[in-house]
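Remarks on the overall topology
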Amino acid sequence: LQRLSVKSNMLIGTLPTELAQLRDMTLLEVSMNSLSGTLLTELGQMTDLQLINATHNLFDGTLPTELGQLTGLWDLLVNDNYLTGT
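Residues numbered from 1 in each chain as written. Predicted model: local features only at pLDDT ≥ 70, side-chain atom pairs only at ≥ 80, totals over all residues. Heavy atoms only, no water.

A few points about the overall build of the chain
Within the chain one finds 0 helices and 8 strands. Moving toward the C terminus, one meets the helices and strands of the chain in the order β-β-β-β-β-β-β-β. Relative to its length of 86 residues, the chain is compact, with a C-alpha radius of gyration of 12 Å against a globular reference of 12 Å. Across its three principal axes, the chain shows a C-alpha extent of roughly 30 × 25 × 20 Å. When each of the 86 residues of the chain is scored for burial, the buried share is 34%. Taking contacts inside the chain between residues at least 6 apart in sequence as the whole, the part at least 24 apart equals 44%. With an accessible surface of roughly 5,000 Å², the chain has 51% of that area assigned to carbon and sulfur atoms. (Helix = DSSP H or I, 4+ residues; strand = E, 2+ residues; numbered from the N terminus. Rg over C-alpha atoms; globule rule 2.2 N^0.38 Å. Buried < 20%, exposed > 50% of the residue type's maximum accessible area, 1.4 Å probe, protein only. Contact = heavy atoms within 4.5 Å. Areas by Shrake-Rupley, 256 points an atom, 1.4 Å probe, with all protein chains shown as cover.)

So, in structure tokens, the structure goes:
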């Protein structure tokens, strides 16, 4: 699986840590749902990711530093959540 788009599906709950097993994924689109909790540190293991769109959810906490390992990431969209930090 290279692209996962579940935008606007009224999803609730947290992202499953098993997502990190999808090592070939280039696009993760989970925007406009009611997903909560923190963004997974395991996302940093998905080294082929180019775009993460997690806008308009209920995520909180800080961005995982592990996202810095995603050297091919060209777009990280996380607005309209409850994230903190600088």
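Some details on the environment of Val78
Residue placement: Val78 occurs in the loop between β7 (75-77) and β8 (82-83). The exposure class assigned to Val78 is buried, which follows from its relative accessible area of 18%. For the pair Val78 and Thr38, spaced 40 residues apart in the sequence, the C-alpha separation amounts to 12 Å. Residues within four places of Val78 in sequence aside, it is in contact with Leu39, Ala54, Thr55, Leu63 and Leu83.

Observations concerning the sheet that holds strand β5 (residues 51-53)
The 4 strands lie next to each other as β1-β3-β5-β7, forming an open sheet whose pairing is parallel. The open sheet has two edge strands with one neighbour each: β1 (3-5) and β7. Pairs of neighbouring strands in the sheet enclose a mean axial angle of 5°, with direction left out of account. One ladder, built from 3 bridges, connects β1 with strand β3 (residues 27-29); its direction is parallel. In the sheet register, Ser5 faces β3, and the bridge partner there is Glu29. (Pairing = 2+ DSSP bridges. Axes fitted to C-alpha atoms, helices over the stretch in contact; angles between N-to-C directions.)

Remarks on the sheet that holds strand β2 (residues 12-13)
Pairing within the open sheet is parallel, and its 4 strands lie in the order β2-β4-β6-β8. Two strands lie at the open edges of the sheet, namely β2 and β8, each paired on one side alone. For strand β6 (residues 58-61) and β8, the ladder comprises 2 bridges, and the chain directions are parallel. Paired with Gly61 across the strands is Leu83, a residue of β8.

Looking at unusual backbone geometry
The residue Ser8 is not glycine, and still its phi comes out positive at about 55°. The topology assignment puts Ser8 in the loop between β1 and β2. By relative accessible area, Ser8 is classed as partly exposed at 45%. Positioned with a positive phi, Met10 is a non-glycine residue whose angle comes to about 55°. Here Met10 lies in the loop between β1 and β2. We classify Met10 as exposed; its relative accessible area is 74%.

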